[in-house]
Amino acid sequence: MKSIDKIMRKLLFLRPVLNFIAIGLFILSANRFILFLIFNERVVETPDYFQLFTIGLRFDLILLCYLSFLPFVLITVLPNTILNRIKKFFNFYFLFFLFLILLMELATLDFINQYDTRPNRLFLDYLIYPKEVVGTLLKSYLPSLIITTILLGIALFFAFKYGKKVFYPIESKYSTKLLLFPVVAFLLFFGARGSLTSKRPINGSNAIFCSDQMTNSLGLNSFYTVAFAAYSMKNEGDVKKYGRMDELEAYSRVKKYMDVTEFIPGEVPFLHLQKPDVSQPKYNVVILLEESLGAEYVGSLHGLKLTPEFDELTKEGVLFTKLYCTGTRSVRGIEAVTSGFLPNPSESIVKLSGSQQGFFTLADAFGRQNYDTSFIYGGMANFDNMASFFNGNGFKNIIDETDFDSDGKKHAMKGTWGYSDEDLAVKANEYFKSLGNKSFFSLLFSTSNHEPFEFPDGRIKLFDKKKNTVNNAMKYADFSIGKFFELAKKESYYKNTIFVVIADHNTRTYGKNLVPVNKFHIPALIIAPNIERGITYDNLASQMDIPSTILALSGITTKSPMPGRNLLKLPKGTKGRTIMLFHETYAFRVEDDIVILNPNAKPLQFKVKSDTELIPVALNEELAKDALAHIVASSNMYKNRVYKID
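Residues numbered from 1 in each chain as written. Predicted model: local features only at pLDDT ≥ 70, side-chain atom pairs only at ≥ 80, totals over all residues. Heavy atoms only, no water.

Participant: Is there a simple way to think about helix α9 (residues 142-167) in this case?
Facilitator: One turn of an α-helix holds 3.6 residues; hence residues three or four places apart share an orientation. Residue Lys161 marks the point of greatest curvature in α9, where the axis turns by about 55 degrees. Buried residues of α9: Thr148, Leu152, Ala159, Gly163 and Phe167, and no others. (Bend = angle between axes of the 7 residues up to and from the residue. Helix = DSSP H or I, 4+ residues; strand = E, 2+ residues; numbered from the N terminus. Buried < 20%, exposed > 50% of the residue type's maximum accessible area, 1.4 Å probe, protein only.)

Written out as structure tokens, the structure is:
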């Protein structure tokens, strides 16, 4: 016993570090267990779900050992006289990171409920928009904010009361500390690296043990996932984590999925001439990009009967019944619908610095034909860097919240995210009327169907008893679509205009598969003077095919670098293709075969029995290469600045 006591006394100098690790493990493990209980019904569908706890312990130790290394070195190498002078630093250091860890864990439940994964890059993206985010939190997550504030207050009380006792360094013999330094340093290094047998340190891909994305994320911790996302930002555009492929091979493989027979030689890999099939007038183009309008809410797509106006409009155009969005954020929808660009897992080109000018968009193409080009939005156009991207890439006029503020007119409502969808409809119609006979291209972007789901009273019969719900907001968004068409049909521009109603993404993207395919299913409707009315396009298609289809219908002749397809002129028997990006997980689907690529992991293939049931099958190496080719092609086109028409 005396020998044990003697050893323990010699190890007392490590008490601040050990206390930090112990408290950190308690916070992280307790919250993981709570999340397990909350999502138990879904988690236990995975036979070996218990692995999330062993994986969790491993990743918690990685984080805590990494954070402990600096204070451990200082405690070991600095003499006691200096340690006594800076002992407050250790108290501050350990408490600061424990509070961050606790805060991130407290934010995790609401984030998972919204995005079906732990906090990640999206968490960082939203931090730079405090007005919208704070407004949403106060109106939609007030109970969570109150609970979080109370728990942080309790933690602060204990920190002030016991912090000094727990985290102040203890005087120890200098020789003892130096003697133990190599052993403890090795243990911390081993803990932070996660493995000594692997060539690479353990990373998030090692937490993947099942096909349910959310269950996999429970094996991580939220401080780690956000910190890793911040660290990874330095590698924007680096897609080597998915695999390597020669640039020319990548382009060649992507071309197989295009409906283009002749390409224009030069540095732009997919450049081709787009011209009308027959002689026809040049039509205006209006795209209504609807916030979060998933197929599951659309009656004409066998969803909830929340869209009577949209459903009625399907009698006047072509409804795309199996069209899938490319991502889970508005910037991904904007990227796909305005530029037809292949989604890059690093970040949307709307936000990347190298695509803020000289990057192809439909506005660029129509602007060269002397069209008026505009973006009309009820919120602030600087959100998600939209204004910068649009302004530098062909959109001559940007109308946003500030223009609504200053027009001196009475509006239906101004909410957290800006003016209501019916205000957008009125503003857009007035703008189009003001253009007279000038041809125009315009992107309208709605706001009302976004948490906290605010909309004017008295417009719709509520679907849910509580007003501010997603179902009611969907119904109001649909009401506003109807209002816009009601106004437009009274104007002379209507008969010369192609109208596209399409969603940017779904509301919440979640599911038990690595990629929840059903949550990528969105509506798209094209109403145009030169297409058949009241028909459906029932083949598999991607959101990024819509701009190519629009361009072909518009009547203009232009060059195009877009790899998307003109869906209405595809040869019979062409296999449907779609691309989906779920956080960092990339899915490439051809008919009912889907290949899923995760960073630093081998490709997986599934047979799509239904949008909610994916059956594992043997990997088709060629299909996997085609999937990788689309990532490599996207990255190279961005890096080489070759997504343009001159």
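Participant: What is the right way to read the side chain of Ser446 from this model?
Facilitator: On the secondary structure map, Ser446 appears in the loop between β8 (440-445) and α20 (470-488). A residue is classified by how much of its surface remains accessible, and Ser446, at 2% relative accessible area, is buried. Apart from residues no more than four positions distant in its own chain, Ser446 is found in contact with Leu289, Glu290, Glu291, Tyr377, Asp421 and Leu424. (Contact = heavy atoms within 4.5 Å.)

Participant: Is there a simple way to explain unusual backbone geometry in this structure?
Facilitator: Excluding glycine, a negative phi dihedral is what most residues carry, and trans is how most peptide bonds are arranged. In this model, Glu451 is joined to Pro452 through a cis peptide bond whose omega is 15 degrees. Within the secondary structure, Pro452 is located in the loop between β8 and α20. Even without being a glycine, Asn370 presents a positive backbone phi close to 70 degrees. With respect to the helices and strands, the residue Asn370 is situated in the loop between α16 (362-367) and β4 (372-377).

Participant: For this particular structure, what's the right way to read helix α22 (residues 621-639)?
Facilitator: Taking 1.5 Å as the rise per residue, α22 with 19 residues should run 27 Å; its terminal C-alpha atoms sit 27 Å apart, in good agreement. In terms of burial, α22 is largely enclosed, as 15 of its 19 residues are buried. If you check the start of α22, you find a side-chain oxygen 3.0 Å away from the backbone N of Glu622, and it comes from Asn620. (Expected span 1.5 Å × (residues − 1). Polar contact = N/O pair within 3.5 Å; in protein donor to acceptor, adjacent residues only side chain to side chain.)

Participant: Got a minute to help me understand the nonpolar core in this structure?
Facilitator: Side chains of a nonpolar character, in soluble globular proteins, are inclined to be buried together. Within the largest apolar cluster, 139 residues are counted, with the highest numbers of intra-cluster contacts made by Ile287, Phe432, Phe484, Phe485 and Ile502. Considering every element that reaches this core, the biggest residue donor is α22, with ten residues. Setting aside residues up to four positions removed in sequence, Ile502 forms contacts with Ile287, Leu288, Leu289, Glu290, Leu323, Val337, Ile522, Pro523, Ala524, Gln543 and Ile546. Counting 31 residues, the second largest nonpolar core, distinct from the first, contains Leu14, Leu64, Leu152 and Leu188. (Core = buried A, V, L, I, M, F, W, Y, C linked by side-chain atoms within 4.5 Å.)

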